[in-house]
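Structure assessment
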Amino acid sequence: MPAVTSYRGGVSNPIEIQGLVKAFGSVRALDDLDLSVEQGEVHGFLGPHGAGKSTTIRVLLGLLRASAGSVRLLGGDPWADAAALHRRLAYVPGDVTLWPNLTGGEVIDLLGRLRGGLDERRRADLVERFELDPSKKGRTYSKGNRQKVALVAALASDVELLLLDEPTSGLDPLMEAVFQQCVEDFRAGGGTVLLSSHILAEVERLCDRVSIIRSGRCVESGTLTELRHLTRTTVRAETTRPPEGLGDLVGVHDLLLEGRRVAFEVDTSALPSALAALQDAGIGTLTATPPTLEELFMRHYGDDVSDTASGASGGAS
Amino acid sequence: MTGAGMLLRHFLRRDRWMLLAWSVGITVLYWSQAVSVKGLYATQEEFDRAAVAMEANTAFIAMTGPARALNTVGGQVTWQATAFGAITIGLMSMFLVVRHTRAEEESGRDEMLRSAAVGRRATTAATVLVALVANVLTGTLVTLSLVTFPLAVPDSLALGVGLAAVGMVFAGVALLAAQLTSSPRAAYGLTGAVIGAAYVLRAVGDVGSPALTWMSPIGWYQGMHAFSGVRWWPLALLVLAASSVIAAAGWTFGGRDHGAGVLTARPGPVRADAFLGTPLGLAWRLQRGSLIGWSLGLLLTGLSYGSLGTDIGDLLGDSETTQDMFVRGGTDLVEGFYATSIVMLALMSCGYAVSAALRPRHDESSGLAEILLATGLSRRRYLLAQVVLTVTGSAVVVGAAGLGLGVGYALTTGDGSAVGTYLLAMLPYLAPVLVLSAVARLLFGVHARAALLAWVGLLFAVVVLLFGQVLQIPEWLQAVSPFDHLALVPAEDFGWAPFLALLAVAAVLSGAGQLLFRRRDIEVR
C-alpha cells in the first residue's frame, strides 16, 4: 500500500506547478500553467489533443525541462531528482510501446524492478483481473493489451503517486471497470493519482477534483461541485397552474412555456427562487438535471461559446 | 484467384524500386567478377599460375564452389559469383514473399484486402507471380550483362536461368515457411536457415563428400557446369523442387486459418530472470542477437581473408596497381596485404560499433526510452549500460575478426603462431573503431535525430582508406580519419602512442555525449 509522506517546507501537495512554461522553439506548448494535486486525491486532467496534458506529465517526469516556472513533485525537483522521485511513482503513457521480443510478464517484472520492487501478490491478482496473457511477446499484443501490461506494472508497484496519461483509450468497457476499481483501491490506500483523460464518464466517476486545460493554460480547477456552481441546471416540470413570474427572475434562461409544461435553464444562484415559483404553481412532476462534465468541458472548448454561457446547454444535447 | 491480377499490379508498383535494386545488385555481382578477373592478370601464364593456386586452396573451394576451368574468365565468374549469387537471390525472394504474405497477415492489411472481392488464394498467387517476375528479371539481366561482356551465350544463359530457378526454389521455401510460422520474424528465420543449410551442404560436399552437394539447390545450380561444358539436366531438379515446394505451400495454406501458423508460436517466459531487471541485462538481452551476428560475420570474413595464406602473391599477380593497392608501408606483399585486410576488417567492425551506439536513439524514437526513464533508472545509468555493452561488444567483434584472420592463415599455411600474431595486430584497431562509435554517442547527446550523421564518419573513413591516394585527398584531411594513425602491423612495428591517444579521444567524445544527454529534452513522439 502507498506510504504517506509529509513534504518539507510547508508544500504538502504531491504535485505543485506554478507558472509553468515549456517552449519548443517558438511554440509555447505550456503557457503559464498552474496545477496542484493534493495528497490522497484522484485529480482529473482534462483537455483535447494538443492542449499540453502529455507535455505537462513529461515535465513532471523530468523527460522535458521546464522553460520557466516552478514545478515540485513529491517535494522534490522533477528534473534534478528524477530517478529518486521515480521510485515513488508509476507512469502509464497513452500509447504504450513494448519491446517486441520481451514477453508481457518480463516487461512487468523489468519495469517493477527498475521502480524498486513489485508486490508479488498484487501482481498475480492484477494479471488475473485484467485477463492478461503474460507469456506473449510484445510484438503480438494489441494496443489494449500493451496498455494492460503497463497498467499491471504500474499498479503492482509500491508507489505513492500514479501519473496516468489517457491510460484506458484501448480498453474495452469490462476492463475499463476493472481499471476504475483498481484506481479506487489505490486511493483508498492513501495514494494520489493524476489522471489525464477525455473519457468524461471515467473522470466524473473517479475524480475528486478536476483541472481543465486549454492551449497550455489551466482554465478551470476545482471539485466537480464547485465547477457545477459555475454553470446552469436544466429544469423540466408539469404544474397544476401555469407558473407566473418565472420570466422576470434574474438567472432564468431559455424559458419554454407550453400550457402547464415548463422547461428552463437556471443559474445555481437563482435555483431557490425559481423552484419557489414552481411550487406556487403546484408541482406535478419535476426533473432537475445537474450540468454534466461534458457541459463544463464544452463550455471551455466549444470554441466561440466560451464566453457566453448559453453554449453550455447547446453542447449537452 | 479472383483479383490476383489486380494484386500483382499493386505489388509490382509497391516493389518496383526494391526489385530494381536487388536485380541490378546481383547483376553487378556477376559482371564485376568478369571485369576484375580480366583486369587482374597481365598474361595467360600468370592466370594459369593463379588458377593452380586457387584449385589447391580447400578453404576457397569450401567458400565458393567446385574449382572448374579457373584459368578462364567464364570459369572464374561461375566460381566466384554463383554461391553468393544464389544466397543473395534467395534472400531477395525471401523478403519479397514474406513481405506480401505473413507480414501482411500480421499487420492486418491482408484482412482488409480479403474482405474485398478478392479470392482466398489471390494473395498467394500474386506473391508467387511477383517472385517469378523478380527472379526472371534478375536472371535475364545477369545473362545479358555476361553476353555483352562478351562471354559465350549458352553458358551465360545457363548462369542466368539457373539463378532464376534457384531463386524460385527459395521463394517456395519462404512461402512454405510463411504458412508454418505465425510471425514474419520466424518465417525469415526458417527460410534463412534453409538457405544457410543449402550453402553449408554444398561447401562440405565440394570439399570431400559429393553426395551432400547433390542435396543442395546451390549444388544443382553449380552442377550445371557453366563455362566448363554446360549441361542442362540439373535445371530440371531445380524446377521440380521449386514447383513441389510451392505446391506444398499452397496445400498448407488451404488447411489453415487466417492469421494462424501451422506451428503455433511458442509462449515465452512469464517472469523475467534476475539479470533482465538491470539496465545492463536489458541492453544485453536486446542486443545479443546483433552482437552474435556481427561477431560470426567478422569471424568468417577474417577466416576467408586469412585462408588466402601466402598464395596472395600468385593470386594478385604482379601488376603495379595491385602492388600499389596492397603494399602500404611495407615492401613485402603478403604482410602489406594483411595489414590492409586488418584495416578493412576494422572498418567493417565499425558497422557494429556505430549501430550499437545508435541503439538508444531507436529507444528514444520508439517511445521505449520514455517508459524506461520514467522508472527509477537515471539517464546516467541507462546510457552507461549502453556504453559498457557497446565498448565490450566492439572489442568482441574486433577480436573475432582478428581470430578469424589468424586461424584462417594458420589452417592454410600450418603456421600455428599466426593466430596470436594476427589477433595482436588486429586488437589495437579497437581504438579507431571506438572513436567512430564515440562520435555517434556525441551526436546522440546533442540531439537524437542528429545521431544518424555518425554514418557519415564511417563513410569518410572508408573513402580515405580506399580512395585517399587516388582522389589525392590532402594529408591533413586524411589525418581526420581515426584509421590513419595506427602502425600497419604486421608490415610496420606497433607503437603505443597513437593507440592510447585514439582511446583518449574516444573517451572524451563519449563522455561529452553522455553529459549532453543528461541535459537535453527526451524526444517525444
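Residues numbered from 1 in each chain as written. Chains lettered and ligands numbered in written order. Predicted model: local features only at pLDDT ≥ 70, side-chain atom pairs only at ≥ 80, totals over all residues.

What to know about the overall build of chain B
Convention followed: Secondary structure elements follow DSSP: runs of H or I of four or more residues count as helices, runs of E of two or more count as strands, with numbering from the N terminus. Our radius of gyration is a C-alpha quantity, and the globule rule it is checked against amounts to 2.2 Å times the number of residues to the power 0.38. For every residue, the other C-beta atoms within 10 Å of its own C-beta are counted; 20 or more classify it as buried, 12 or fewer as exposed, and values in between as partly exposed. C-beta atoms are placed from the backbone. For the purpose of contact definition, each residue receives a C-beta atom placed from its backbone, and two residues are in contact when these atoms lie within 7 Å.
On a plain count of helices and strands, chain B comes out with 24 helices and zero strands. For 525 residues, the compact-globule estimate of 2.2 N^0.38 gives 24 Å, and the C-alpha radius of gyration of chain B, at 25 Å, lies within 12% of that figure. Counting every position in chain B, which comprises 525 residues, the buried fraction comes to 47%. Here the contacts in chain B between residues at least 6 apart in sequence split such that 74% fall between residues at least 24 apart.

Regarding the pairing of strand 6 (residues 161-165) of chain A
Residues and elements named next belong to chain A. Test applied: Strands were regarded as paired on the criterion that DSSP finds at least two bridges between them. A clockwise course of the path from the first strand over the helix to the second, judged with the strands pointing away from the viewer, identifies a crossover as right-handed.
Counting buried positions along strand 6 yields five of five residues, so the element is predominantly enclosed. Neither face of strand 6 is exposed, since Leu161, Leu163 and Asp165 on one face and Leu162 and Leu164 on the opposite face are all buried. Alignment of strand 5 (residues 89-92) against strand 6, held across four bridges, turns out to be parallel. Note on strand 6: the bridge partner recorded for Leu89 is Leu161. Here strand 6 pairs with strand 7 (residues 192-197) via five bridges, running parallel. Bridge pairing in strand 7 links Leu161 to Thr192. Handedness of the β-α-β unit built from strand 6, helix 6 (residues 173-188) and strand 7 comes out right-handed.

Things to note about helix 1 (residues 4-40) of chain B
All names here are of chain B. Selection criterion: Bending is quantified residue by residue as the angle between axes fitted to the seven-residue window ending at that residue and the seven-residue window starting at it.
Along helix 1, the largest kink reaches about 60° and is centred on Asp15. For helix 1, every residue scored as buried is listed here: Leu7, Phe11, Trp22, Ser23, Ile26, Thr27, Tyr30, Trp31, Gln33, Ala34 and Val37. Buried-residue contacts for helix 1 involve helix 4 (73-100), helix 7 (122-147) and helix 8 (153-180).

A short note on the interface of chain A and chain B
Worth spelling out the cut-off: When residues are sorted by character, Ala, Val, Leu, Ile, Met, Phe, Trp, Tyr, Cys and Pro go into the nonpolar class, Asp, Glu, Lys and Arg into the charged class, and all the rest, Gly among them, into the polar class.
With 28 residues of chain A at the interface, the matching set in chain B holds 25 residues. Tallying contributions element by element places helix 3 (residues 104-115) of chain A first for the side of chain A that touches chain B, with eight residues. Per-class residue counts for the side of chain A that touches chain B are 12 nonpolar, six polar and 10 charged.

Brief notes about the sheet that holds strand 12 (residues 261-267) of chain A
Residues and elements named next belong to chain A. The criterion, for reference: Axis angles are defined between N-to-C directions and span 0 to 180 degrees, where every axis is a line fitted to C-alpha atoms and, for a helix, only to the segment in contact.
What the four strands build is an open sheet, ordered 11-12-10-13; its pairing is antiparallel. Here the strands that pair on one side only, and so sit at the sheet edges, are strand 11 (252-258) and strand 13 (283-289). For this sheet, the mean angle separating the axes of adjacent strands, direction not counted, is 15°. Here helix 9 (residues 271-280) sits on the sheet and contacts strand 10 (232-239), strand 11, strand 12 and strand 13; the angle it forms with strand 10, its principal contact strand, is near 5°.

Focus: the nonpolar core
Our working rule: For this entry, the nonpolar core is defined as buried Ala, Val, Leu, Ile, Met, Phe, Trp, Tyr and Cys residues connected by C-beta atoms within 7 Å.
Core analysis: the biggest nonpolar cluster contains 156 residues, and Val149, Val152, Leu162 and Leu163 of chain A together with Met426 of chain B have the highest contact counts within it. With 15 residues, helix 16 (residues 333-357) of chain B is the largest single contributor of residues to this core. Setting aside chain neighbours within four positions, we find Val149 of chain A in contact with Val96, Leu98, Gly104, Val107, Ile108, Leu132 and Tyr141 of chain A.

Quick word on the environment of Val456 of chain B
Residues and elements named next belong to chain B. Its place among the elements puts Val456 in helix 22 (residues 454-467). Overall, the presence of 11 C-beta atoms within 10 Å leaves Val456 in the exposed class. Residues Val456 and His225, 231 residues apart in the sequence, show an inter-C-alpha distance of 43 Å.

Let's talk about the domain arrangement of chain A
You'll often see interface size given as the accessible area lost when the parts meet. All names here are of chain A. The condition that has to hold: An automatic or database domain assignment supplies the start and end points of every domain.
Partitioning chain A into domains gives domain 1 (8-226) and domain 2 (231-316). Between domain 1 and domain 2, the C-alpha centre-to-centre distance is 37 Å. Tallying the contact residues gives 10 residues for domain 1 and five residues for domain 2. Of all the secondary structure elements, the ones that give two or more residues to the side of domain 1 that touches domain 2 are helix 7 (200-206), strand 8 (209-214) and strand 9 (217-223). Residue contributions to the side of domain 1 that touches domain 2 peak at three residues, all from helix 7. Grouping the amino acids of the side of domain 1 that touches domain 2 by side-chain chemistry returns seven nonpolar, no polar and three charged.

Side note on the sheet that holds strand 4 (residues 68-73) of chain A
Residue and element names in this part refer to chain A. Strand order in this open sheet of three strands is 2-1-4, and the pairing throughout is antiparallel. Edge positions in the sheet fall to strand 2 (27-37) and strand 4, since each has one partner strand and no second. Geometrically, the sheet is characterised by an average inter-axis angle of 25° between neighbouring strands, direction not taken into account. Relative to strand 2, strand 1 (residues 15-24) is paired through seven bridges, and the arrangement is antiparallel. Paired with Leu20 across the bridge in strand 2 is Leu33. Sheet strands touched by helix 1 (residues 53-60): strand 1, strand 2 and strand 4. Its angle to strand 2, the strand with the most contacts, is close to 70°.

Concerning the domain arrangement of chain B
Residues and elements named next belong to chain B. Domain boundaries assigned for chain B yield domain 1 (4-254) and domain 2 (275-517). Placing the centre of domain 1 and that of domain 2 at their C-alpha centroids yields a distance of 31 Å. Contact residues are listed per partner, giving 12 residues for domain 1 and 10 residues for domain 2. Secondary structure elements with two or more residues in the side of domain 1 that touches domain 2: helix 2 (44-55) and helix 3 (58-64). The dominant element in the side of domain 1 that touches domain 2, judged by the number of residues it contributes, is helix 2, at five residues. When grouped by side-chain class, the residues that make up the side of domain 1 that touches domain 2 number nine nonpolar, one polar and two charged.

A closer look at the pairing of strand 10 of chain A
Residues and elements named next belong to chain A. When strand 10 meets strand 12, the two strands line up antiparallel, connected through seven bridges. Bridge pairing links Ala237 to Val262 in strand 12. As defined by bridge partners, strand 10 adjoins strand 13 across six bridges and the pair is classed as antiparallel. Looking at strand 13, one finds that Thr239 is bridged to Ile283.

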